[in-house]
Amino acid sequence: QVQLVESGGGLVQSGGSLRLSCAASGRTFSSYNMAWFRQAPEKERELVAGISWNGGSTVFADSVKGRFTISRDNGKNTVSLQMNSLKPEDTAVYYCAATGDRYTSVRTPNYWGQGTQVTVSS
């Protein structure tokens, strides 16, 4: 079983930055592909960014390319999402997700965190 705990959400003005972090349990974190999803009110949950088990591959939603970066520290069992140049349309609940192995796509994770609210004011 994998437990994921997010932190770092909050309220920020348009153009500002936030850094989300996710702490994961489990001795095999370095084998998990990891991702961040978000869900805005009345919208479907969408993939924001994903990173492979060894950090060698990343993927981003078109809407955040050039503004967000994803990174991981396998020694600390953490994955982070650095969000710059935030826009009001980035407002959503952000979820950390894990695949549980290195073969499953980040688009179909098996484990989810509780989510953290990010609100960007205009």
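Quick note: structure is the one above.
A brief report on the enclosed structure follows. (Residues numbered from 1 in each chain as written. Predicted model: local features only at pLDDT ≥ 70, side-chain atom pairs only at ≥ 80, totals over all residues. Heavy atoms only, no water.)

## Quick look at the state of the cysteines
Okay, so step 1: A full pass over the atoms with the stated rule returns one disulfide.
Okay, so step 2: Disulfide pairing is shown between C22 and C96; the S-S distance is 2.1 Å. When the S-S torsion is -80 degrees, as for the bridge of C22 with C96, the disulfide is left-handed. One end of the pair, C22, is in strand β3 (residues 18–24); the other, C96, is in strand β9 (residues 92–98), with 74 residues separating them in the sequence.
Okay, so step 3: Judged by its relative accessible area of 1%, C22 falls in the buried class. (Disulfide = S-S within 2.5 Å. Helix = DSSP H or I, 4+ residues; strand = E, 2+ residues; numbered from the N terminus. Buried < 20%, exposed > 50% of the residue type's maximum accessible area, 1.4 Å probe, protein only.)

## Regarding the pattern of salt bridges
Okay, so step 1: For the structure shown, the criterion picks out four salt bridges.
Okay, so step 2: Here R38 ties to E46 by a salt bridge, and the two come within 2.7 Å at their closest N and O atoms.
Okay, so step 3: E46 sits in the partly exposed class, given a relative accessible area of 32%.
Okay, so step 4: Salt-bridge contacts for K65 lead to D62; the nearest nitrogen and oxygen are separated by 3.1 Å.
Okay, so step 5: Here the salt bridges do not stand alone but share partners, grouping R38, E46, R67 and D90 into one network. (Salt bridge = Lys/Arg side-chain N within 4 Å of Asp/Glu carboxyl O.)

## So, the side chain of R72
Okay, so step 1: Note on placement: R72 falls in strand β7 (residues 68–73).
Okay, so step 2: Buried within the structure, R72 lacks any salt-bridge partner; D73 is the closest side chain of opposite charge, at an N-O distance of 8.2 Å.
Okay, so step 3: Looking at R72, its side chain comes within polar contact range of the main-chain oxygen of F29, at 2.9 Å.
Okay, so step 4: A distance of 2.8 Å separates the side chain of R72 from the backbone oxygen of S52, its partner in a polar contact. (Lys, Arg positive; Asp, Glu negative; His and termini not counted. Polar contact = N/O pair within 3.5 Å; in protein donor to acceptor, adjacent residues only side chain to side chain.)

## Describing the packing of aromatic side chains
Okay, so step 1: Applying the stated criterion to the full structure yields three aromatic pairs.
Okay, so step 2: Over the face of the ring belonging to F29 we find R72, whose NZ or CZ atom lies 4.6 Å from the ring centre. (Phe/Tyr/Trp six-rings, centres within 6.5 Å; stacked < 30°, edge-to-face > 60°. Lys NZ or Arg CZ within 6 Å of the ring centre and 35° of its normal.)

## Points about the nonpolar core
Okay, so step 1: Ranked by size, the top nonpolar core spans 29 residues in total, and within it M34, W36, L81, M83 and Y94 carry the most contacts.
Okay, so step 2: Looking at this core, the elements with two or more residues in it are β3, β4 (34–39), β5 (46–51), β7, β8 (78–83), β9 and β11 (116–121).
Okay, so step 3: Core analysis: the second largest hydrophobic core is formed by six residues, A35, Y95, A97 and V106 among them. (Core = buried A, V, L, I, M, F, W, Y, C linked by side-chain atoms within 4.5 Å.)

## Focus: the sheet that holds β7
Okay, so step 1: Spatially, the four strands line up as an open sheet ordered β1-β3-β8-β7, and their pairing is antiparallel. Strand pairing shows two members of the sheet lacking a second neighbour, β1 (4–7) and β7, which therefore form its edges. Within the sheet, the average angular offset between the axes of one strand and its neighbour, ignoring direction, is 15 degrees.
Okay, so step 2: Pairing analysis gives four bridges linking β1 to β3, with the strands arranged antiparallel. Of the residues in β3, the one forming a bridge with L4 is A24. (Pairing = 2+ DSSP bridges. Axes fitted to C-alpha atoms, helices over the stretch in contact; angles between N-to-C directions.)

## Focus: the environment of S7
Okay, so step 1: Checked against the element boundaries, S7 lands in strand β1.
Okay, so step 2: Sequence separation between S7 and C22 is 15 residues; the distance between their C-alpha atoms is 6.4 Å.

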